[in-house]
Amino acid sequence: MNNITPYHRRVLLVTYCAQGHINPTLQFAKRLTPHGDIHVTFLTSLSAYRRMGQTPTLPHLSFASFSDGYDDGFKPGNDINHFMSELQHRGSEALENIIEESRKQGQPFTCIVYSILLPWVATVARSLHVPSVLLWIQPAVVFALYYYYNNGYYDQIQRVISSDDPNSMSIKLPGLPLLTARDLPSFFGSSDVYDFALPIFRRQFELLEEENNPKILINTFEELEKDAVRAIKKFHLMPIGPLIPSAFLDGNGPSEASSGCDLFRCTSSYIDWLNSKPKASVIYVSSGSISTLSKQQKEEIARGLLSTKRPFLWVIRDIEEEEDALSFKEELETQGKIVPWCSQLEVLSSPATGCFLTHCGWNSCLESLACGVPTVAFPQWTDQATNAKIVQDLSETGLRLEAAEDGVVKGEEIERCLELVMGDSEKGEEIRRNAVKWKKLAKEAASEGGSSHANFKAFVDQVCS
């Protein structure tokens with residue numbers, strides 16, 4: 001915090017340490033920096049900061065980090081409750097220190113913006129009399145669902161979840177589409193191993209309700225979730241998404257790819273491979289940065305891909321051990337390409353990409369919409385099932401896979417959905433038309449005069465001042 005340049009407004013942006021949180025919050029920070037009198041300090045845990053590698057160099061953006069006790073990152077088998085406790089304890093202390101230090105240097109923060117799973121940021125901000133604003137990085141439908149779950153609809157939601165045949169029951173909540181158990185966030189299920197999350201979300205809404213007319217920034221756009229944005233009357237949701245690099249929204253290609261859309265690795269061989277393929281011919285497959293698929297499920301994905309006879313680009317994080325374990329390794333390498341990582345936005349914006357087989361993380365859903373790529377939805381956990389509902393029934397830009405009785409999605413089902421989306425059927429043509437439509441709407445929302453652009457400007461004018 002030394003040698004601080006005087007700024008009229010200083011924003012402290014605090015984010016959770018997962019890549020799915022870092023990418024949209026970093027894009028949010030970069031949108032603030034063109035306002036010449038605003039400086040943004042991006043704060044996250046040391047493990048996340050190290051993974052970011054080369055951070056973007058911008059004149060009004062700086063980075064800070066703190067130790068959460070897990071400096072090598074949270075590992076499988078670690079105690080999640082202990083991790084979240086340490087994150088809150090150490091993060092609160094670090095946050096207090098950085099706020100007080102800025103005051104001592106005569107450059108106090110005028111506003112703190114924080115992402116989900118960090119309600120303690122609002123508590124610290126309030127204790128030190130600094131305004132704070134929540135940046136909700138999931139869809140508005142999910143925001144409303146968590147609110148309803150904690151405010152008057154718990155019993156109705158639990159009845160749907162605990163039914164002997166939960167998918168035969170549905171629930172209609174104010175402002176939301178008709179939902180079944182399989183459309184609800186996985187954290188609602190009593191058997192979910194991540195039961196730490198519900199108390200955190202409950203605390204988040206308690207803090208919001210203690211504020212007068214709280215404003216919540218949300219990574220969506222009004223045209224996509226018009227009803228859900230207005231569902232909770234006591235909160236003012238301000239859609240400012242999609243929070244992806246403007247170059248991709250403009251359709252100008254990957255000029256920003258090295259400065260914030262994916263900061264974790266860099267390679268280009270897959271781009272050359274993509275460029276060699278015909279238009280809209282390639283299936284892109286990724287299950288995100290956290291979800292781990294069983295060997296059986298990977299085998300079924302492999303069978304489904306091979307059955308399509310179409311080229312594919314498949315991201316498998318632990319490629320050395322996983323690729324060797326696949327039964328169809330030679331056939332896979334002949335028909336497609338398997339990589340440990342890729343710049344997702346570069347792949348989605350390639351003319352060769354015709355479909356995205358995705359875990360339905362919200363960033364991936366928005367990136368698909370913004371790039372006009374149809375999807376086959378394969379949700380795993382947290383908000384992804386609800387996101388798949390949005391993809392299939394709200395935007396109508398994709399299809400959701402159906403699991404067999406053993407919980408595994410079979411190769412035949414994967415092939416069926418991929419062929420429906422990419423083939424010459426009337427359904428496929430309709431999905432592809434919708435994808436083009438939503439690409440245009442996403443760009444318009446983020447452009448000057450659009451709904452998200454107007455909300456962002458209002459935030460800068462009202463909240464950051």
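Heads up: the structure comes first, above all this text.
Described in the following lines is the structure provided in the data block. (Residues numbered from 1 in each chain as written. Predicted model: local features only at pLDDT ≥ 70, side-chain atom pairs only at ≥ 80, totals over all residues. Heavy atoms only, no water.)

**Section: unusual backbone geometry**
Here's step 1: G241 connects to P242 through a cis peptide bond whose omega is 0 degrees.
Here's step 2: For L117, which is not glycine, the phi dihedral falls at a positive 75 degrees.
Here's step 3: On the accessibility criterion, L117 (11% relative accessible area) is buried.
Here's step 4: Even without being glycine, T382 reaches a positive phi, approximately 45 degrees.
Here's step 5: In this structure T382 comes out as buried when scored by relative accessible area, which is 10%. (Buried < 20%, exposed > 50% of the residue type's maximum accessible area, 1.4 Å probe, protein only.)

**Observations regarding the packing of aromatic side chains**
Here's step 1: What the rule picks out here adds up to 28 aromatic pairs.
Here's step 2: A ring pair is formed by Y146 and F201, whose centres lie 4.0 Å apart and whose planes are at 20 degrees; its orientation type is stacked. Separated by 55 residues along the polypeptide, Y146 in helix α5 (residues 140-150) and F201 in helix α7 (residues 197-209) bring together distant segments of the chain.
Here's step 3: By way of ring pairs, the aromatic residues W136, F143, Y146, Y147, Y148, Y149, Y153, Y154, F188, F201, F205 and F235 are connected into one cluster. (Phe/Tyr/Trp six-rings, centres within 6.5 Å; stacked < 30°, edge-to-face > 60°. Helix = DSSP H or I, 4+ residues; strand = E, 2+ residues; numbered from the N terminus.)

**Some thoughts on the sheet that holds strand β11 (residues 312-315)**
Here's step 1: Reading across the sheet, the six strands line up as β12-β11-β10-β13-β14-β15 and stay open at both edges, with parallel pairing between neighbours. The open sheet has two edge strands with one neighbour each: β12 (337-339) and β15 (398-400). With strand direction ignored, the average angle separating the axes of adjacent strands in the sheet is 15 degrees.
Here's step 2: Note: strand β10 (residues 282-286) against β11, three bridges, orientation parallel. (Pairing = 2+ DSSP bridges. Axes fitted to C-alpha atoms, helices over the stretch in contact; angles between N-to-C directions.)

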